[in-house]
Amino acid sequence: MKDLNALMQQAQAMQQKLQDAQAKMAETTASGTSGGGLVTVALKGPGEITAVTIDDSLMVPGETEILADLIVAAHADAKRRLDEINGALMREAAGPMAGMNIPGMPKLF
């Protein structure tokens, strides 16, 4: 019974770490750029756009397709960075359980 109690305590501690990591992830921010820094997109949490910065040189009539492509590329860059940060937070929280594939349990990064 002693081992079961220790196992339950470990599971509770891991659950708390995962909840703490999820709270950090909700506040995590990342920025992505494109066009050599002409467009910047900032994301927060699961991917909420918090800011878009566009260099004035891109505000030319008839160039909307280029601008749209740069915004999409900057968003993709920011999302990749945010996913990397959030993945690291979850791997840290999961500790030795990270990467384990236990049947019937969700995979923890």
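Definitions and limits used
- Residues numbered from 1 in each chain as written.
- Predicted model: local features only at pLDDT ≥ 70, side-chain atom pairs only at ≥ 80, totals over all residues.
- Heavy atoms only, no water.
- UniProt positions renumbered as here; feature names shortened; annotations may be inferred.
- Helix = DSSP H or I, 4+ residues; strand = E, 2+ residues; numbered from the N terminus.
- Expected span 1.5 Å × (residues − 1).
- Buried < 20%, exposed > 50% of the residue type's maximum accessible area, 1.4 Å probe, protein only.
- Contact = heavy atoms within 4.5 Å.
- Patch = residues over 30% accessible without salt bridge, like charges linked within 9 Å, V, L, I, M, F, W, Y side chains within 5 Å.
- Areas by Shrake-Rupley, 256 points an atom, 1.4 Å probe, with all protein chains shown as cover.
- Salt bridge = Lys/Arg side-chain N within 4 Å of Asp/Glu carboxyl O.
- Core = buried A, V, L, I, M, F, W, Y, C linked by side-chain atoms within 4.5 Å.
- Axes fitted to C-alpha atoms, helices over the stretch in contact; angles between N-to-C directions.
- Parallel < 35°, antiparallel > 145°, perpendicular 65-115°, else oblique.
- Left-handed = near helix turned anticlockwise from the far one by under 90°.
- Nonpolar A, V, L, I, M, F, W, Y, C, P; charged D, E, K, R; others polar.

As named in an unreviewed UniProt entry, the protein chain is Nucleoid-associated protein JIP62_06540, taken from Brevundimonas vitisensis. Its UniProt record, at the heading Subunit (unreviewed entry), says of the protein chain: "Homodimer." Under the UniProt heading Function (unreviewed entry), the entry covering the protein chain gives this text: "Binds to DNA and alters its conformation. May be involved in regulation of gene expression, nucleoid organization and DNA protection."

1. Regarding helix α2 (residues 64-94)
Here α2 spans 44 Å end to end across 31 residues, near enough to the 45 Å set by a 1.5 Å rise per residue. Turning to α2, its buried residues number three or more, namely Leu67, Leu70, Ala74, Asp77, Ala78, Leu82, Asn86, Gly87, Leu89, Met90, Ala93 and Ala94. For α2, the secondary structure elements touched by its buried residues are α1 (2-27), β1 (29-34), β2 (39-44) and β3 (48-54). Directly after α2, the chain includes glycine 95, whose backbone phi takes a positive value near 60 degrees.

2. Structural notes on α1
Compared with an ideal rise of 1.5 Å per residue, which puts 26 residues at 38 Å, α1 spans 38 Å between its outermost C-alpha atoms and is within 8% of the ideal. All of the buried residues in α1 are Met14, Leu18, Ala21 and Met25. Taken together, the buried residues of α1 touch α2.

3. Here we look at a nonpolar patch on the surface
A cluster of nonpolar side chains, contributed by Leu4, Leu7 and Met8, occupies part of the molecular surface with about 290 Å² of accessible area. Take leucine 7: it is sitting in helix α1.

4. Concerning the nonpolar core
Listed in full, the 10 residues of the largest apolar core are Ala30, Val39, Val41, Leu43, Leu58, Leu67, Leu70, Ala74, Ala78 and Leu82. Counting only elements with at least two residues in this core, the list comes to β2 and α2. Among the elements that take part in this core, α2 stands out by supplying 5 residues, more than any other. Beyond its immediate stretch of four places on either side in the chain, leucine 58 contacts Leu38, Val39, Leu67 and Leu70. Of all hydrophobic cores here, the second largest spans 7 residues; its members include Met14, Ala21, Met25 and Met90.

5. Considerations on the packing of α1 against α2
Where α1 meets α2, the axes come as close as 8 Å, and the angle between the chain directions of the two elements is 165 degrees. Overall, the two elements α1 and α2 adopt an arrangement that is roughly antiparallel. Considering only the axes of α1 and α2, their crossing is right-handed. Two secondary-structure elements touch here, α1 through Met14, Lys17, Leu18, Ala21, Gln22, Lys24 and Met25 and α2 through Asn86, Leu89, Met90, Ala93 and Ala94. For the contact of α1 with α2, the residue count by class is 8 nonpolar, 2 polar and 2 charged.

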